[in-house]
Amino acid sequence: MDWLTQVRWSPYAAGAAIGVLSWLTFLISKRPLGCSTAFATTGAMIRRLFQGNKAEQQPYYRTIATRIDWQWMLVLGIVIGAFASAWISGDFALQWVPARWAAAFGSAPLPRLLVAALGGVFMGFGSRWANGCTSGHGISGTLQLAISSWISAIFFFIGGIAAAFVLFGGA
Amino acid sequence: MNTTTVPANRRRELLWGLVFGIAFGFFLHKGAVTKYDVIIGQLLLQDFTVLKVMLAAVIVGMPGIYAMKRLGWVELQPKAGSLGINVIGGLLFGIGFAVLGYCPGTLAGAAGNGYLDALVGGVAGIIVGSDLFARVYPKVRGGIQRWGYFGDLTLPRWLKLNDWAVVIPAMILLILLLFGLEMAGL
């Protein structure tokens, strides 16, 4: 059972396992793997705490789940599954600043947190605008050969590569 | 509608979501894509782990989904799109991908891995960004998002070809792309 405690698998093995998982989610849950809408669902739940049902009557929130649903549980499960894999392989570590960030921009947590939050804003906004993310479009949509997903996945990487070179260009 | 079976169905659906999520998170961690350094390495074209994980998932997932479609076990769920939705949204997402250094799924995985920049900064940002979109949605959905609308087309339907006439060449092309990456030492 060494494979369970290995920190890292071949990317092909991990990817193939995700491919098989996608068969099962389609077959059993009739749903493709996707993650980003769960964050919008969370936003709707938070707004409901403050505004009651007013938030849910907004046009966008009428198009998505505004209560805990399959995908929200999927994302919660990802946290648990990644934790389990990290823990049993001795790779779990509380860390504020990733090594590569620290090498380029220093090891202070606050700048990293602020930039992560700013990146998150773009990602949240962009994934809702594109109607999917690297899972929903990048894996589930491309494997269905959906045109919307192939275009999205290609532009995720075009935007991401350009922005990464701007950020790390001098580093 | 039977009021006792509905909650039971819902519980079952949520439980499956959790089970599939645990498996997904486990594989994302084993694939090393819960790590900022790996994702930034991909976007700087130095480490192709992210692309390898994604393409392997597509190469394995695609024939299974299309075989199950053929057997009538599943229905495809392609998302409707347009150039305004997918090009502009894709680019905005891409900026977030590089600035945050995680994507929505790997962000959750990074949180499980113990990475607090993901759990604290990333999660807050993505929720705020999603809500910002909800606020502009009424203004963009009928305008810029309609630009270049093509709907929920798939490649086989667009090309008017048999599914397998696209699935098999697509698999071969993606496998060749991975071989090319390995040959190039990436």
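Residues numbered from 1 in each chain as written. Chains lettered and ligands numbered in written order. Predicted model: local features only at pLDDT ≥ 70, side-chain atom pairs only at ≥ 80, totals over all residues.

## Examining the overall build of chain B
Counting secondary structure elements, chain B contains eight helices and two strands. Sequence-ordered secondary structure for chain B, helices as α and strands as β, is α-α-α-β-α-α-α-β-α-α. Reported as C-alpha extents along the three principal axes, the dimensions of chain B are approximately 55 × 45 × 40 Å. Taking the contacts inside chain B whose residues are at least 6 apart along the sequence as the reference set, 60% of them involve residues at least 24 apart. (Helix = DSSP H or I, 4+ residues; strand = E, 2+ residues; numbered from the N terminus. Contact = placed C-beta atoms within 7 Å.)

## Here's the deal with the overall build of chain A
Check the secondary structure of chain A and you find eight helices and zero strands. By its C-alpha atoms, chain A is 45 × 40 × 35 Å across when sized along the principal axes. When contacts within chain A are restricted to residue pairs at least 6 apart in sequence, long-range pairs at least 24 apart make up 50% of them.

## A closer look at helix α7 (residues 136–143) of chain A
All names here are of chain A. Among the eight residues in α7, eight count as buried, and that is most of the element. Buried within α7 we find G136, H137, G138, I139, S140, G141, T142 and L143. Positive phi appears at L145, one or two residues downstream of α7, with a value of about 60°. (Buried ≥ 20, exposed ≤ 12 C-beta atoms within 10 Å, placed from the backbone.)

## Focus: the interface of chain B and chain A
Contact residues are listed per partner, giving 103 residues for chain B and 111 residues for chain A. For the side of chain B that touches chain A, the element with the highest residue contribution is helix α6 (residues 116–140) of chain B, accounting for 18 residues. Of the residues assigned to the side of chain B that touches chain A, the class counts are 67 nonpolar, 28 polar and eight charged. (Nonpolar A, V, L, I, M, F, W, Y, C, P; charged D, E, K, R; others polar.)

## Some words on the nonpolar core
Counting residues in each nonpolar core, the largest one holds 106 residues, and the members touching the most others are F24(B), F27(B), L107(B) and A111(B). For this core, the element with the highest residue contribution is helix α3 (residues 49–70) of chain B, accounting for twelve residues. Aside from chain neighbours lying at most four places away, what touches A111(B) is V79(A), A118(B), L119(B) and V123(B). (Core = buried A, V, L, I, M, F, W, Y, C linked by C-beta atoms within 7 Å.)

## Thoughts on the environment of A16(A)
Looking at the secondary structure, you find A16(A) in helix α2 (residues 11–29). If near-sequence neighbours (up to four positions away) are discounted, A16(A) is found in contact with A56(B) and V60(B).

## Quick word on unusual backbone geometry
With glycine set apart, most residues show a phi of negative sign, and most peptide bonds adopt trans. Residues and elements named next belong to chain A. For N131, which is not glycine, the phi dihedral falls at a positive 65°. With respect to the element layout, N131 can be found in the loop between α6 (109–130) and α7. Of note, the phi angle at L145 is positive, near 60°, even though the residue is not glycine. Mapped onto the elements, L145 comes out in the loop between α7 and α8 (147–168).

## Focus on the packing of helix α4 (residues 70–88) of chain A against helix α5 (residues 104–113) of chain B
Following both chains from N to C, one finds α4(A) and α5(B) inclined at 45°, their axes separated by 7 Å at the closest point. Taken together, the axes of α4(A) and α5(B) are oblique relative to one another. Of the two elements, α4(A) crosses α5(B), and the hand of that crossing is right-handed. Every residue of α5(B) that contacts α4(A) at V75(A), I78(A), V79(A), I80(A), G81(A), A82(A), F83(A) and A86(A) is listed here: G105(B), A108(B), G109(B), A111(B), G112(B) and N113(B). Residue classes in the contact of α4(A) with α5(B) are distributed as nine nonpolar, five polar and no charged. (Axes fitted to C-alpha atoms, helices over the stretch in contact; angles between N-to-C directions. Parallel < 35°, antiparallel > 145°, perpendicular 65-115°, else oblique. Left-handed = near helix turned anticlockwise from the far one by under 90°.)

## Details of the packing of helix α3 (residues 37–51) of chain A against α4(A)
Residues and elements named next belong to chain A. Relative orientation of the contacting elements α3 and α4 amounts to 110°, with a least axis distance of 8 Å. Here α3 is positioned roughly perpendicular relative to α4, judged by the angle of their axes. Where α3 approaches α4, its residues T37, A38 and T41 are matched on the opposing element by Q71, W72 and V75. Taken together, the residues of the contact of α3 with α4 sort by class into three nonpolar, three polar and no charged.

## Focus on the confidence of the model for chain B
When pLDDT is averaged along chain B, the result is 96, and 97% of the positions lie at 70 or above. Here the predicted complex carries an ipTM of 0.97, next to a pTM of 0.96. (pLDDT = per-residue confidence, 0-100.)

## Some details on the environment of M1(A)
With respect to the secondary-structure elements, M1(A) resides in the segment before α1 (2–5). Judged by the 6 C-beta atoms lying within 10 Å of it, M1(A) falls in the exposed class.

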